[in-house]
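What follows is the residue order along each chain.
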Amino acid sequence: MEESSGLSSMKFFSDQHLSYADILRPHEARARIEVSVLNLLRVLNSPDPAISDLSLINRKRSNSCINQGILTDVSYIFLSTSFTKSSLTNAKTAKAFVRVWKVMEICFQILLQEKRVTQRELFYKLLCDSPDYFSSQIEVNRTVQDVVALLRCSRYSLGIMASSRGLVAGRLFLQEPGKEAVDCSACGSSGFAITGDLNLLENTIMRSDARYIIVVEKHAIFHRLVEDRVFNNIPCVFITAKGYPDIATRFFLHRMSTTFPDLPILALVDWNPAGLAILCTFKFGSIGMGLEAYRYACNVKWIGLRGDDLDLIPEESLVPLKPKDSQIAKSLLSSKILQDTYRDELSLMVQTGKRAEIEALYCHGYNYLGKYIATKIVQGKYI
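Scoring rules and cut-offs
- Residues numbered from 1 in each chain as written.
- Predicted model: local features only at pLDDT ≥ 70, side-chain atom pairs only at ≥ 80, totals over all residues.
- Heavy atoms only, no water.
- UniProt positions renumbered as here; feature names shortened; annotations may be inferred.
- Pairing = 2+ DSSP bridges.
- Helix = DSSP H or I, 4+ residues; strand = E, 2+ residues; numbered from the N terminus.
- pLDDT = per-residue confidence, 0-100.
- Contact = heavy atoms within 4.5 Å.
- Axes fitted to C-alpha atoms, helices over the stretch in contact; angles between N-to-C directions.
- Parallel < 35°, antiparallel > 145°, perpendicular 65-115°, else oblique.
- Left-handed = near helix turned anticlockwise from the far one by under 90°.
- Nonpolar A, V, L, I, M, F, W, Y, C, P; charged D, E, K, R; others polar.
- Phe/Tyr/Trp six-rings, centres within 6.5 Å; stacked < 30°, edge-to-face > 60°.
- Buried < 20%, exposed > 50% of the residue type's maximum accessible area, 1.4 Å probe, protein only.
- Core = buried A, V, L, I, M, F, W, Y, C linked by side-chain atoms within 4.5 Å.
- Salt bridge = Lys/Arg side-chain N within 4 Å of Asp/Glu carboxyl O.
- Arc of directions from axis to C-beta.

The protein chain is annotated in an unreviewed UniProt entry as Meiotic recombination protein SPO11-2 from Arabidopsis arenosa. UniProt, in the comment section headed Subcellular location (unreviewed entry), describes the protein chain in these words: "Nucleus".

1. A look at the sheet that holds strand E9 (residues 173–175)
Taken in spatial order, the three strands of this open sheet run E10-E9-E12, and their pairing is antiparallel. In the strand order of this sheet, the two ends are held by strand E10 (182–183) and strand E12 (205–207), each with one partner. For E9 and E12, the ladder comprises three bridges, and the chain directions are antiparallel. By the bridge assignment for E12, Leu174 is matched with Met206.

2. Quick word on the confidence of the model for the protein chain
In the predicted model, the protein chain carries a mean pLDDT of 85, and the fraction of residues at 70 or more is 81%. Low confidence marks residues 1–18, where pLDDT is under 50. Its contacts with residues over four positions away, or in another chain, come to 55 contacts. Low pLDDT, under 50, characterises residues 76–83; the predicted model gives this stretch 53 contacts beyond four residues in sequence or across chains.

3. Considerations on the packing of helix H9 (residues 273–284) against helix H10 (residues 323–333)
Across the interface, H9 lies against H10 with an axial gap of 8 Å and an inter-helix angle of 45°. By the angle between their axes, H9 is oblique relative to H10. Seen along the crossing, H9 lies across H10 with a hand that is left-handed. Taken together, the residues of H10 that come into contact with H9 (itself represented by Pro273, Ala274, Leu276 and Ala277) are Asp325, Ile328, Ala329 and Leu332. The residue inventory of the contact of H9 with H10, partitioned by class, reads seven nonpolar, no polar and one charged.

4. Topic: the packing of aromatic side chains
We describe a pair of aromatic rings using the distance from one ring centre to the other and the angle between the two ring planes. According to the stated counting rule, one finds six aromatic pairs in the structure shown. Measuring from ring centre to ring centre gives 6.3 Å for Phe251 and Tyr296, while their planes differ by 70°; the resulting arrangement is edge-to-face. Separated by 45 residues along the polypeptide, Phe251 in helix H8 (residues 247–259) and Tyr296 in the loop between H9 and strand E16 (300–304) bring together distant segments of the chain. Accessibility assignment for this pair places Phe251 and Tyr296 in one class, buried.

5. Points about the environment of Cys187
If you trace the backbone, Cys187 turns up in the loop between E10 and strand E11 (192–193). Judged by its relative accessible area of 25%, Cys187 is partly exposed. With 18 residues separating them along the chain, Cys187 and Ala169 place their C-alpha atoms 7.2 Å apart. Setting aside chain neighbours within four positions, we find Cys187 in contact with Val182 and Phe192.

6. What about the packing of helix H2 (residues 94–112) against helix H3 (residues 119–129)?
Axes are the key here: two packed helices are described by the angle between their axes and the distance separating the axes. Interaxial distance between H2 and H3 falls to 11 Å at its minimum, and their mutual angle equals 120°. Two packed elements cross with a definite hand, and for H2 against H3 that hand is right-handed. Here H2 contributes Lys102, Val103, Ile106 and Ile110 to the contact with H3, which in turn contributes Leu122, Lys125, Leu126 and Asp129. Considering only residue class, the contact of H2 with H3 consists of five nonpolar, no polar and three charged.

7. What to know about the nonpolar core
Counting residues in hydrophobic clusters, the biggest one holds 77 residues, and the most contacted among them are Leu172, Phe238 and Phe252. The greatest single-element share of this core, amounting to seven residues, is contributed by H9. Beyond its immediate chain neighbours, meaning those up to four positions away, Phe238 contacts Leu167, Val168, Ala169, Ile214, Val216, Phe222, Leu225, Val226, Val230 and Phe231. Residues Ile33, Met104, Cys107 and Leu150 belong to the second largest nonpolar core, which totals 29 residues.

8. Let's talk about the pairing of strand E13 (residues 212–216)
Among the five residues in E13, five count as buried, and that is most of the element. Burial of the side chains of E13 extends over both faces: Tyr212, Ile214 and Val216 are buried on one face and Ile213 and Val215 on the other. Two strands pair when backbone bridges link them, and E13 and strand E14 (residues 236–240) are joined in this way by five bridges, in the parallel orientation. Paired with Val215 across the strands is Ile239, a residue of E14. Pairing geometry for E13 and strand E15 (residues 265–268), over four bridges, is parallel. In the sheet register, Ile213 faces E15, and the bridge partner there is Ile265.

9. Side note on the sheet that holds E13
Ordered in space as E11-E8-E14-E13-E15-E16, the six strands form an open sheet in which the pairing is mixed. Here the strands that pair on one side only, and so sit at the sheet edges, are E11 and E16. Sheet topology places strand E8 (residues 167–170) next to E11; two bridges connect them, and they run antiparallel. Bridge pairing in E11 links Val168 to Phe192. Contacts between helix H6 (residues 219–227) and the sheet are confined to E8, E13, E14 and E15, with E14 contributing the most and set at about 155° to the helix. Across the face of the sheet, H9 comes into contact with E13, E15 and E16 while running at roughly 155° to E16.

10. Brief notes about the pattern of salt bridges
Per the stated rule, a full pass over the model turns up 17 salt bridges. The structure contains a network of salt bridges with shared partners spanning Lys218, Asp270, Asp325, Arg355, Glu357 and Glu359.

11. Comments concerning H6
For H6, the set of buried residues is Ile221, Phe222, Leu225 and Val226. Across the axial projection of H6, the buried residues extend over an arc of 130°, all falling on one side. A positive phi of about 50° marks Arg229, the residue just after H6.

Structure follows, in C-alpha cells:
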C-alpha cells in the first residue's frame with residue numbers, strides 16, 4: 001500500500017478522524033457496509049466516473065502511539081489518523097482493493113445469516129469463491145484488518161470469531177449463560193478451554209477468591225503449575241495462550257481484569273526477546289490491531305524470568321540468542337512502548353547474547369516453580 005497524507009475522495013468512514021474500532025450490533029455493521037457500497041456506486045455513476053482510492057488507517061509502527069492511562073494503570077497502543085491508500089488503478093494495490101470488497105461481501109452474508117466464522121473458515125470460503133485473489137491465510141488476515149480500518153468496527157462486529165488456544169485453571173468459577181458453573185480448579189492439568197466466542201465471554205459470570213492472575217507463556221509450564229496445584233498455596237488463576245496470545249485469550253484476560261480490578265496480573269515468560277514481545281502484546285496490544293487494542297490491553301506486570309534470575313540458572317542452561325531473537329529485540333528497542341525497566345532487560349539480553357527458558361529453573365527440582373513464584377510475590381519483584 002502507498003502512504004498518503006491526504007484523504008481519498010471516496011471517504012467512507014475514514015473522514016471521522018477516529019482511532020479506534022466501534023463495537024456494533026449486526027444491523028449497524030451491515031449499515032456501514034451498505035454505505036460503503038453506495039459510496040462506490042455513487043462514484044461509478046458520476047458524470048466523470050472514476051474508481052477512487054480506499055483510505056485506510058495506516059497500521060505501521062510510525063503511526064502508532066501509546067495511550068498512557070490517567071485514571072487507570074492500563075496503557076495501550078493506538079493509531080493516529082495517518083492514512084494509506086489502496087487503489088484499483090495501482091498495480092501494487094489493485095488486488096488488495098478488490099479483496100476488501102470480497103471480504104465485506106462475505107461478512108455481509110454472515111451477518112444476514114446471524115452466524116459467526118473464524119478467519120480460517122473465512123479463508124476457505126474465499127479460496128473457493130475468489131481463488132484469483134486469495135491464496136493464503138495471511139492475505140485474508142490482512143484484508144480483515146483493512147476492512148476493520150475502513151469501516152471502523154471490530155472484527156467481531158463483522159461476524160468474525162476468534163480462534164482460541166487459551167486455557168485457564170485455578171481459583172475461578174465460570175458460568176456461561178444457561179449452563180452450570182465450571183470450577184476451573186477441578187478441570188485437571190489440561191485446564192478449561194477458553195471459547196473464541198467473544199460475546200459468550202462478555203456474558204460469562206466470573207467468581208473468584210484468587211489474589212493474583214498469572215499469565216504463563218508456555219503450555220508445558222502451565223501444565224506443570226496446574227498439575228502441582230500451585231493455586232492451592234498461591235491463591236491465583238493461571239492463564240496461557242500457548243505462546244503468542246490470540247484475541248480470545250487476550251479478551252478473556254481483559255474481562256478478568258475489569259471483573260477483578262484489584263487483582264495484580266503477573267506474567268511468567270522466557271527471558272528472551274520473544275517472551276518480552278508476548279508480555280507486551282498482553283499489556284499494550286499490537287500495532288496490527290491498533291484500532292481494537294483498547295479492548296484487550298491489561299496492566300500486566302513482569303514477574304519472571306528476568307535478568308536478576310540468572311544467578312539461579314546454571315551457565316550451561318543459557319543458550320545463545322538466535323537471529324530471530326535479534327530481529328525481535330531490534331524491533332522492540334525501536335518501538336515507543338517499552339518502559340525503561342523493560343528496555344534495560346532487553347539491552348542485557350543483547351549485551352550478553354544469551355537467553356534463558358523457564359525450564360532452566362528445573363535444575364532446582366520439578367516442584368521449584370511454585371516456590372519461585374511465591375518468593376517473587378512476597379518480595380514484590382514484578383515490574
